[in-house]
2 protein chains.
Amino acid sequence: MPRAERERQMLDAAVRVFGKRGYRAASMDEIAELAGVSKPLVYLYLNSKEELFSACIRREAQALVAAIRAGVRTDVTADRQLWEGLTAFFAHTAERPDGWAVLHSQARSGGDPFVAEVVAMREEIVAFVTHLIAEAAREAHDNPELVEREVAGLAQALVGAAEALAGWANGDASVSAKEAATTMMNFAWSGLGNLMVGERWSDR
Amino acid sequence: MPRAERERQMLDAAVRVFGKRGYRAASMDEIAELAGVSKPLVYLYLNSKEELFSACIRREAQALVAAIRAGVRTDVTADRQLWEGLTAFFAHTAERPDGWAVLHSQARSGGDPFVAEVVAMREEIVAFVTHLIAEAAREAHDNPELVEREVAGLAQALVGAAEALAGWANGDASVSAKEAATTMMNFAWSGLGNLMVGERWSDR
């Protein structure tokens, strides 16, 4: 078996074990057994538990960002781009629940260096969503009421809401990726839709 | 100094250190020094680093839930209740950024038993928000289109969005609690407002 293929199998096993147990509780024995290889081979290929966990985070982060980007066409309206991005996000996190657990929950269990990698991925997604919202505001009116700072806050809120819904959907097998994406659109877009035409809730 | 007062000082110091450094990197020496007491006294009062971290999580969780409940009047409209709850939430997390860091980020750094305490607090807040949204739906129409399951999803999304915005606001001193709460209302309520009158985004 070629090295790349063998390494992929080890990472698959590692993501499953880290996703379920967290960094410290995960054992290299269990990872090796699940990958169907010897423990020394895992160390030979991936050096240490620390590097293995890092490699898992990096692979899962890249896969998630790539899935979102691939899911969004650029020649459609902003609300459809958001819908496509959300559908891709929830489909991906549903297909790879352990990968999502590694990124969203377990990275923190390993401490700061791992958190930094996830923070970088999250910033990339927030920047992508910020761009989408800013574009939508521009489409809706030339002299946008949505200032840059508020767009940044809305993007944070949207990403936080999507993260929470992914955890909810992954914890309940009857919630499909499509249902989660629809709930997000009902929540976020219908709200954003109002903002786009300048209708705001106010503290009357 | 009475024991309760001394213990409060130790917990204040512990929340600051755990909030900044996480569970493992935090040192009992630093906590004792910041509290202005000897390390043996910290152990005498709070037994172990594990119990001290647990006590921090419990205290901060109770304080947060109490602040939200205290902020919401029950004799006002649903959107105002949400506004009041959000204002209380963001004011509290801004006043106690280390407490919020312990709950939102650092609990995970200690592993599963600590996570379980935060999960319980989060469920209490989600239940509170679920109740608010269900009430609002009932106010808006007698035969609600919002089924229980969707309300649960919306509550998850709302709590996730608020958590993300608290992190954003705490990372930028120029964002006030009121601005964060306003952004949340623009995002969430204007969206929920549409849903309440049955206007939904659909995958056309």
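The name given to chain A in an unreviewed UniProt entry is TetR/AcrR family transcriptional regulator, and the organism recorded there is Streptomyces endophyticus.

A.B. asks: How do you make sense of the overall build of chain A when you look at a structure like this?
C.D. replies: Each helix and strand counted, chain A has nine helices and zero strands in total. Counting helices and strands in the order they occur from the N terminus, chain A gives α-α-α-α-α-α-α-α-α. By the burial criterion, 53% of the 204 residues in chain A qualify as buried. Contacts spanning at least 24 positions in sequence make up 71% of the contacts within chain A whose residues lie at least 6 apart. As displayed, chain A has an accessible area near 9,100 Å², and 52% of this comes from carbon and sulfur atoms.

A.B. asks: What exactly am I supposed to notice about the UniProt feature "domain: HTH tetR-type" (unreviewed entry) in chain A here?
C.D. replies: This chain's UniProt record puts "domain: HTH tetR-type" (unreviewed entry) on residues 4–64 of chain A. Helix makes up 82% of residues 4–64 of chain A and strand makes up 0%, while its end C-alpha atoms are separated by 20 Å.

A.B. asks: Help me understand the pattern of salt bridges in this model?
C.D. replies: Any two side chains of opposite charge can pair, given that their charged atoms come close. Residue and element names in this part refer to chain A. One pass over the full model with this rule turns up 26 salt bridges over all chains. Put simply, Arg8 and Glu5 hold a salt bridge, and the shortest N to O gap is 3.1 Å. Residue Arg8 and its partner Glu5 are both found in helix H1 (residues 3–21); the two are separated by three residues, about one turn of the helix. For Arg8, a relative accessible area of 39% gives the class partly exposed. Two residues, Glu117 and Arg58, come together in a salt bridge whose shortest N-O distance is 3.3 Å.

A.B. asks: Help me out: how do you make sense of the environment of A:Leu165 in this one?
C.D. replies: For A:Leu165, the position within the fold is in helix H8 (residues 148–170). Between the C-alpha atoms of A:Leu165 and A:Ala177, which are 12 residues apart in sequence, the distance is 9.8 Å. Residue contacts for A:Leu165: discarding those within four places in its chain leaves A:Phe90, A:Ala180, A:Thr183, A:Met184, B:Gly153, B:Gln156 and B:Ala157.

A.B. asks: Could you clarify how one ought to interpret the packing of H1(A) against helix H3 (residues 39–46) of chain A in this entry?
C.D. replies: Angle between the axes and distance between the axes are the two parameters that describe a pair of packed helices. Residue and element names in this part refer to chain A. At a closest axis distance of 11 Å, the pairing of H1 and H3 adopts a crossing angle of 110 degrees. Compared by their axis directions, H1 and H3 come out roughly perpendicular. As for how H1 packs across H3, the hand of that crossing is left-handed. Two secondary-structure elements touch here, H1 through Arg3, Arg6, Glu7 and Met10 and H3 through Leu41, Val42, Leu44, Tyr45 and Leu46. Of the residues assigned to the contact of H1 with H3, the class counts are six nonpolar, no polar and three charged.

A.B. asks: Help me understand unusual backbone geometry in this model?
C.D. replies: It is generally the case that most residues other than glycine have a negative phi and that most peptide bonds are trans. Here A:Asn47, not a glycine, exhibits a phi torsion of approximately 75 degrees, which is positive. Structurally, the position occupied by A:Asn47 is in the loop between H3 and helix H4 (49–71).

A.B. asks: Quick question: what am I supposed to make of the nonpolar core here?
C.D. replies: Nonpolar side chains tend to gather and get buried jointly when the protein is soluble and globular. Core analysis: the largest hydrophobic core is formed by 132 residues, its most contacted members being A:Phe18, A:Phe90, A:Met184, B:Phe18, B:Phe90 and B:Met184. Residues within four places of B:Phe18 in sequence aside, it is in contact with B:Tyr23, B:Ala26, B:Ile31, B:Lys49, B:Leu52, B:Phe53, B:Cys56, B:Val102 and B:Gln106.

A.B. asks: So what exactly am I meant to see when it comes to the packing of aromatic side chains here?
C.D. replies: For any pair of aromatic rings, the description rests on two quantities: the centre-to-centre distance and the angle between the ring planes. Overall, the coordinates contain 15 aromatic pairs over all chains when judged by the stated rule. Where A:Phe18 meets A:Phe53, the ring centres are 4.7 Å apart and the plane angle is 55 degrees; that geometry is what we call tilted. Linking A:Phe18 in helix H1 with A:Phe53 in helix H4, this pair joins segments that are 35 residues apart in sequence. Grouping aromatic residues by their ring pairs yields a cluster made of A:Phe18, A:Tyr23, A:Phe53 and A:Phe114. Its guanidinium or amino end placed over the ring of A:Tyr23, A:Lys49 lies 5.1 Å from that ring's centre, counting from NZ or CZ. When the ring centre of B:Tyr45 is taken as origin, the NZ or CZ atom of B:Arg3, which lies over that ring, is 4.2 Å away.

A.B. asks: Sorry, what's going on with the UniProt feature "DNA-binding region" (unreviewed entry) in chain A here?
C.D. replies: Per the UniProt record, the feature "DNA-binding region" (unreviewed entry) sits at residues 27–46 of chain A. With 80% helix and 0% strand, residues 27–46 of chain A has its two end C-alpha atoms placed 14 Å apart.

A.B. asks: Explanation requested: the confidence of the model for chain A in the structure shown.
C.D. replies: All names here are of chain A. On average, residues of chain A score 87 in pLDDT, and 89% of them are at 70 or above. For chain A, per-element mean pLDDT is lowest for helix H9 (residues 177–196), which scores 74, and highest for helix H2 (residues 28–35), which scores 97. For this predicted complex, the interface confidence score (ipTM) comes to 0.87, while the overall pTM stands at 0.88.

A.B. asks: What should I look at first to understand the environment of B:Ser109 in this one?
C.D. replies: Its location among the elements puts B:Ser109 in the loop between helix H6 (97–104) and helix H7 (112–140). Considering only alpha carbons, one finds B:Ser109 and B:Ala25, 84 residues apart in sequence, at a separation of 9.4 Å. Ignoring sequence-local partners within four residues, the contact set of B:Ser109 consists of A:Arg108, A:Ser109, B:Gly22, B:Tyr23 and B:Arg24. Polar side-chain contacts of B:Ser109 include one of 2.5 Å to the backbone oxygen of B:Gln106.

A.B. asks: Would you take a moment to explain helix H1 (residues 3–21) of chain B for this structure?
C.D. replies: Residue pairs spaced three or four apart in an α-helix point in one direction, given the helix's 3.6 residues per turn. All names here are of chain B. For H1, which comprises 19 residues, the first-to-last C-alpha distance of 27 Å matches the rise-based estimate of 27 Å (1.5 Å per residue) to within 8%. For H1, the set of buried residues is Met10, Leu11, Ala13, Ala14, Val15, Val17, Phe18 and Gly19. Buried-residue contacts for H1 involve helix H2 (28–35), helix H3 (39–46), helix H4 (49–71) and H6. Phi turns positive, to about 85 degrees, at Gly22, one or two residues after H1.

The rules behind these values
Residues numbered from 1 in each chain as written. Chains lettered and ligands numbered in written order. Predicted model: local features only at pLDDT ≥ 70, side-chain atom pairs only at ≥ 80, totals over all residues. Heavy atoms only, no water. Helix = DSSP H or I, 4+ residues; strand = E, 2+ residues; numbered from the N terminus. Buried < 20%, exposed > 50% of the residue type's maximum accessible area, 1.4 Å probe, protein only. Contact = heavy atoms within 4.5 Å. Areas by Shrake-Rupley, 256 points an atom, 1.4 Å probe, with all protein chains shown as cover. UniProt positions renumbered as here; feature names shortened; annotations may be inferred. Salt bridge = Lys/Arg side-chain N within 4 Å of Asp/Glu carboxyl O. Axes fitted to C-alpha atoms, helices over the stretch in contact; angles between N-to-C directions. Parallel < 35°, antiparallel > 145°, perpendicular 65-115°, else oblique. Left-handed = near helix turned anticlockwise from the far one by under 90°. Nonpolar A, V, L, I, M, F, W, Y, C, P; charged D, E, K, R; others polar. Core = buried A, V, L, I, M, F, W, Y, C linked by side-chain atoms within 4.5 Å. Phe/Tyr/Trp six-rings, centres within 6.5 Å; stacked < 30°, edge-to-face > 60°. Lys NZ or Arg CZ within 6 Å of the ring centre and 35° of its normal. pLDDT = per-residue confidence, 0-100. Polar contact = N/O pair within 3.5 Å; in protein donor to acceptor, adjacent residues only side chain to side chain. Expected span 1.5 Å × (residues − 1).

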